[in-house]
Amino acid sequence: MGRLRAGRARRYARRRPPAAAIAAVAVVAAATWAATTHRAGASAPSVGTPSSETVGPAAPTTTVPGPPPGSAPLRLLRVIGGPISPKSVDATDTGLVFAQNMMYRHTMTVYRSDGVLRRTIPDSVVLARFGVHGHPGISRGAPVEAAVTPDRREMWVSNYSMYGVGFGPEGSDTCSQGSGAAEGYTDSYLYRVSVRALAIDGVAKVGWVPKYVAVAPDGRWVLASNWCSYDLSVVSTHTLREVARIPIGPYPRGIAISPDSRLAYVAVMGGDSLAVVSLTTRRVVGSIYTGSNPRHVVISPNGQFLYVTLNQPGEVVKILRRTGRILGTVHTGDACRSLTISSSGTTLYVVNYLSDTMSMLRASDLKVLQTVRTGQHPVGITYDPVTGHVWVAVYTGAIMVFGPR
């Protein structure tokens, strides 16, 4: 991804293609389909205040409408544009989808499942209001990833960097523990966002340049992978305090947590494995070989399998969690990035950053069912159980929503 400073961000924004152009590319591009089926708005000026009316969460959805995931080819349903630079998209499972727009927009944008913008949440906070001292006045973040709590009441958001009094230089993807210390890096913060009020209502300090964030299924812990400090922050959702910072190794990224909330699996992108972390002892208790450059990891709903993207090889790997045995590998495209799984556990969806595509896979054997064109640099993806649709964050300025034909 490289180093993205403010000046580069402005140049990057200027060269983004319009959403209409992205839509045209996706509509006319050819898609492959395997004939197989399954069996079995701008930010508000006020600090930390949303820019439209309050929206309450709906009950979590258990029945997904439409055909079963993977049983029909996907088509482009809509392209969402506007002042966005989405690094990730995350469904709440209650009819809302969050997009995190990094330092380029300093916002999170929240949409209904039908694509209607419900709120633009600025990343500006007065940290003193949350009991944090040493950073007077307004501080800003750079929202990068998000994860919803099991009760669907809160969304936790990681900030690539913090900006304001008392904070060090902007983070970098080419950092290290040594360079971060030499340049004066400072800890970042997670934001807790109320899904009902759609406003930031809490913060928690973590390490340098946090990337991925995950919430334990029991709701007790929030984990953040700190890219530049090479460690994993464990935050109590009760106290909003960091209770542990666990050394992981160069460039921790994706996180998956076992259904019993006992183990976390952290993709060590600078290596070839997942670090296995005990959330009881808060120590690394093992590792699972994946192949080089693991970036993202998801766990099957039953907890039996791990699915990992290998960024540089452009592959997805299926692993038996109990033994660590690799059950299958498939190439999906150049620089595959984020991965999501359907609520049924039958279908995977992965974005291929340099191929400008999204692939749909059958989870049982990793068969590529379909590959569709996206806009330039798809980077984030989420599955929305409310509709059965797949949302793709296109880093160059759009969100694309796909659904079955």
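Residues numbered from 1 in each chain as written. Predicted model: local features only at pLDDT ≥ 70, side-chain atom pairs only at ≥ 80, totals over all residues. Heavy atoms only, no water.

Q: Run through the overall build of the protein chain, naming residues and quoting values.
A: If you tally the helices and strands in the protein chain, you get four helices and 29 strands. For the protein chain, the residues scored as buried account for 60% of the 405 residues in total. When the accessible area of the protein chain is evaluated, it comes to approximately 14900 Å², of which 51% is carbon and sulfur surface. (Helix = DSSP H or I, 4+ residues; strand = E, 2+ residues; numbered from the N terminus. Buried < 20%, exposed > 50% of the residue type's maximum accessible area, 1.4 Å probe, protein only. Areas by Shrake-Rupley, 256 points an atom, 1.4 Å probe, with all protein chains shown as cover.)

Q: Please provide a residue-by-residue account of the pattern of salt bridges, values included.
A: For side chains of opposite charge, pairing can occur when their charged atoms come near one another. Counted according to the given criterion, the structure contains ten salt bridges. Between Arg-192 and Asp-201 there is a salt bridge, with its nearest N and O atoms 2.8 Å apart. The class of Arg-192 is buried, set by a relative accessible area of 14%. What makes Asp-201 partly exposed here is its relative accessible area of 31%. Counted as one network, the salt bridges with shared partners bring together Glu-154, Arg-192 and Asp-201. (Salt bridge = Lys/Arg side-chain N within 4 Å of Asp/Glu carboxyl O.)

Q: Can you break down the sheet that holds strand β11 (residues 210-215) residue by residue, with the values?
A: Read from one edge to the other, the open sheet built from four strands follows the order β11-β12-β13-β14, with strand pairing classed as antiparallel. Two strands lie at the open edges of the sheet, namely β11 and β14 (242-247), each paired on one side alone. Taking each pair of neighbouring strands and ignoring which way they run, the sheet shows an average axis angle of 20 degrees. In terms of strand pairing, strand β13 (residues 231-236) meets β14 through five bridges, oriented antiparallel. Among the inter-strand pairings, Leu-232 is bridged to a residue of β14, identified as Ile-246. (Pairing = 2+ DSSP bridges. Axes fitted to C-alpha atoms, helices over the stretch in contact; angles between N-to-C directions.)

Q: Give me the lowdown on the pairing of strand β4 (residues 96-100), citing residues and values where you can.
A: When a strand is regular, its side chains alternate between the sheet's two faces. Of all five residues in β4, five are buried, a share of seventy percent or more. Sheet topology note: the strand β3 (residues 88-91)/β4 ladder contains four bridges and is antiparallel. By the bridge assignment, Ala-91 is partnered in β4 with Val-97. Linkage of β3 to β4, two consecutive antiparallel strands, is achieved through a turn of four residues, within which Asp-93 is found at a positive phi near 70 degrees. The sheet contact formed by β4 and strand β5 (residues 107-112) spans five bridges and is antiparallel. Its bridge partner lying in β5, Gln-100 is registered against Met-108.

Q: Any chance you could break down unusual backbone geometry for me, citing the residues and the numbers?
A: The phi dihedral of Asp-93 is positive, around 70 degrees, even though this residue is not glycine. Within the secondary structure, Asp-93 is located in the loop between β3 and β4. Residue classification places Asp-93 among the buried residues on the basis of a relative accessible area of 17%. Backbone geometry at Arg-152 places phi at a positive 65 degrees, although glycine is not the residue there.

Q: Account for the sheet that holds strand β22 (residues 325-331), naming residues and giving values.
A: The pairing of strands in a sheet comes from backbone hydrogen bonds and takes either a parallel or an antiparallel form. Strand order in the open sheet formed by four strands is β19-β20-β21-β22, and the pairing between neighbours is antiparallel. Strands at the two margins of the open sheet, each flanked by one partner only, are β19 (294-299) and β22. Ignoring strand direction, the axes of neighbouring strands in this sheet form an average angle of 20 degrees. Where strand β21 (residues 315-320) meets β22, six bridges bridge the pair, whose relative direction is antiparallel. The residue of β22 that forms the bridge with Glu-315 is His-331.

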